[in-house]
Amino acid sequence: MKMSGSKAILESFLKENVKVIFGYPGGAIMPFYDALYHYEKKIRHILVRHEQGASHAAEGYARITGEPGVCVVTSGPGATNLVTGIADAMMDSVPLVCVTGQVAKAYLGTDAFQETDVMGVTAPITKWNYQVTDAFEIADVLAKAFYIARSGRPGPVVVDITKNAQFESCDFRYPKKINLPGYVVPQKGDEIVCKEAAQLINSARKPYVLIGHGVLISKAQAELKQFLEKGGVPAASTLHGLSALPTSHPNYVGMLGMHGNYAPNVLTNEADVIIAVGMRFDDRVTGRLKDYATKAKVIHIDIDPAEMNKNVPVAIELVGDAKLVLREITKHLKRKNRRSWFGEFKSYAKKEYEKVTKKEFAPTTPKVKMAEAIDMLSKKTKGKAVIVADVGQHQMIAARFYRFADTNSYITSGGAGTMGFGVPAAMGAKVAAPKRQVIAVVGDGSFQMTLQELGTIAQEKLPVKIVILNNNYLGMVRQWQQMFFEKRYSFTYLKNPDFIAIAKGFGIKAEKVEKREQVSKALDRMLKSDNPYLLDIAVETEHNVFPMVPTGASVTEIRLE
């Protein structure tokens with residue numbers, strides 16, 4: 001079928017079952033937007049207020065659906081404004097297909113208006129990128145882009161399409177099958193090695209599972225649960241692994257990492273076998289590497305062979321899909337209960353409760369503590385909301401004190417730690433899951449980085465709920481300045497605007513809460529609303545998040561105060 005390159009892009013999207021695009025028009029992508037005018041009933045386009053918002057919204061959409069989030073922007077600043085979200089998606093293994101407009105083929109390399117070397121800029125932060133200069137390439141390239149983005153370890157792909165390619169005519173034939181020589185996606189782990197792993201776990205006194213994002217990506221939640229229950233193994237979660245297992249499950253022992261729970265961190269160095277599932281042993285989890293997992297033989301399950309032995313020496317490598325590998329190992333597990341090993345976790349949890357948690361719920365000032373607000377939110381939503389956290393103290397408090405009952409319920413920026421992620425990602429999550437309660441938990445600093453997306457939320461009538469835990473500081477940085485820089489609070493105090501007036505300016509209902517006794521009813525009003533709602537909660541200004549593993553310390557040197 002003969003059609004323009006612009007129409008070929010849209011037809012390719014339909015072949016990939018794309019339902020939503022997040023984007024922003026401009027000169028070099030104008031032919032595409034002209035073609036999109038005739039596809040409005042087939043593909044929903046959401047006009048963001050900044051291109052960074054498009055990439056984060058596409059991330060939120062992808063995190064909920066498991067399918068690539070799609071964003072379309074123009075050349076030059078349009079493309080470079082996507083870069084933060086692309087890098088974020090690469091770090092957190094989120095599938096994106098980003099289409100950027102580009103100047104016409106004849107002008108490439110001439111420093112034409114709004115020309116940027118998008119290939120050079122995005123090469124280090126994508127799974128694959130490609131510049132299309134002729135219309136006939138479009139279908140093949142987009143088919144590869146979607147395949148690469150979603151297969152194996154997911155990630156972002158950028159397709160840069162010149163303006164002439166969008167105008168030109170081409171014969172549209174969409175590939176039925178993709179064959180990329182050298183690109184092999186591992187599936188089942190080796191059966192013999194899976195049996196060896198099971199034998200090692202069966203003989204272990206203190207086996208321990210570390211749940212990573214890969215469990216959610218591979219949709220291996222049921223397989224994980226069966227594995228844990230049959231083997232009688234305790235499990236802790238990375239930040240991105242949260243909600244793969246309900247926090248109420250008897251085998252769940254808490255969160256790992258710099259601001260994770262006391263027991264999961266300390267007992268890493270007591271385990272004799274560690275089973276890491278879909279996680280990459282990043283520095284926020286391991287602390288000082290030479291003192292990490294000192295007594296353990298490590299079984300590493302991951303679809304990316306590059307992660308094996310990268311940071312932590314591995315005894316058994318299982319490269320494959322977590323769902324299939326866990327299923328195979330579970331066949332060979334013996335039923336165990338390991339009560340004494342679970343008892344050690346309970347003992348350390350009591351210490352954390354006395355030193356940290358108890359204090360979080362003991363009022364010391366009229367202002368609300370962050371943990372109180374999140375705890376109340378958790379109870380009122382019965383742990384069933386999708387929590388989209390921005391980056392900072394509020395992110396860690398939400399991770400620690402929201403009790404996740406449903407799976408795939410915690411979305412945040414992990415590897416890149418991108419402030420400004422929360423609101424646009426919540427927008428994308430709500431588009432993907434309109435029937436779920438989606439709540440963005442943000443700090444006053446992070447909120448101001450992308451608050452313009454309130455305009456998108458209002459225009460699209462998305463009933464996203466936004467909770468600002470407002471302490472007038474860049475809280476996490478201020479905590480470090482207090483603990484490690486002798487309270488030299490260098491440029492972390494924020495003189496904030498009137499967030500209520502800003503929200504109302506966009507036509508979004510909003511209210512401010514400054515007293516503890518106001519929080520419950522304010523949360524009720526927000527949760528009952530069928531419209532977007534912003535709740536600005538004034539919290540303690542100089543509150544610190546504990547436990548904490550200081551940078552460069554061992555996980556056993558975790559501080560409770």
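The paragraphs below set out a description of the structure included in this document. Please read these numbers as outputs of a predicted model, since none were measured by experiment.

## So, the sheet that holds strand β20 (residues 533–538)
Read across the open sheet, the 6 strands follow the order β16-β15-β17-β18-β20-β19; overall the sheet is parallel. Here the strands that pair on one side only, and so sit at the sheet edges, are β16 (410–412) and β19 (509–513). Within the sheet, the average angular offset between the axes of one strand and its neighbour, ignoring direction, is 20°. The sheet contact formed by strand β17 (residues 438–443) and strand β18 (residues 465–470) spans 5 bridges and is parallel. What sits directly across from valine 442, in β18, is isoleucine 468. Of the strands in this sheet, β15 (386–389) and β16 touch helix α3 (residues 51–65), which is tilted by about 150° from β16. Of the strands in this sheet, β17, β18, β19 and β20 are in contact with helix α22 (residues 519–528), which crosses β20 at around 165°.

## Side note on the nonpolar core
Counting residues in hydrophobic clusters, the biggest one holds 67 residues, and the most contacted among them are Val209, Ile329 and Ile387. Two domains each put at least three residues into this core: domain 2 (191–346) and domain 3 (366–538). Filtering out sequence-adjacent residues up to four positions away, isoleucine 329 remains in contact with Cys194, Ala197, Ala198, Ile201, Phe227, Ile301 and Leu318. Core analysis: the next-biggest nonpolar cluster, separate from the first, contains 51 residues, Cys98, Val442, Leu451 and Ala503 among them.

## Considerations on the packing of aromatic side chains
Applying the stated criterion across every chain yields a total of 19 aromatic pairs. Taken together, a centroid distance of 6.0 Å and an interplanar angle of 75° make the contact between phenylalanine 281 and tyrosine 292 edge-to-face. Placement of the pair is phenylalanine 281 in the loop between β12 (273–277) and α12 (283–286) and tyrosine 292 in the loop between α12 and β13 (297–302), with a sequence separation of 11 residues. Take phenylalanine 281: its relative accessible area is 2%, and that puts it in the buried class. Tyrosine 292 sits in the buried class, given a relative accessible area of 6%.

Reading the values: the criteria
Residues numbered from 1 in each chain as written. Predicted model: local features only at pLDDT ≥ 70, side-chain atom pairs only at ≥ 80, totals over all residues. Heavy atoms only, no water. Pairing = 2+ DSSP bridges. Helix = DSSP H or I, 4+ residues; strand = E, 2+ residues; numbered from the N terminus. Axes fitted to C-alpha atoms, helices over the stretch in contact; angles between N-to-C directions. Contact = heavy atoms within 4.5 Å. Core = buried A, V, L, I, M, F, W, Y, C linked by side-chain atoms within 4.5 Å. Buried < 20%, exposed > 50% of the residue type's maximum accessible area, 1.4 Å probe, protein only. Domains from an automatic or database assignment. Phe/Tyr/Trp six-rings, centres within 6.5 Å; stacked < 30°, edge-to-face > 60°.

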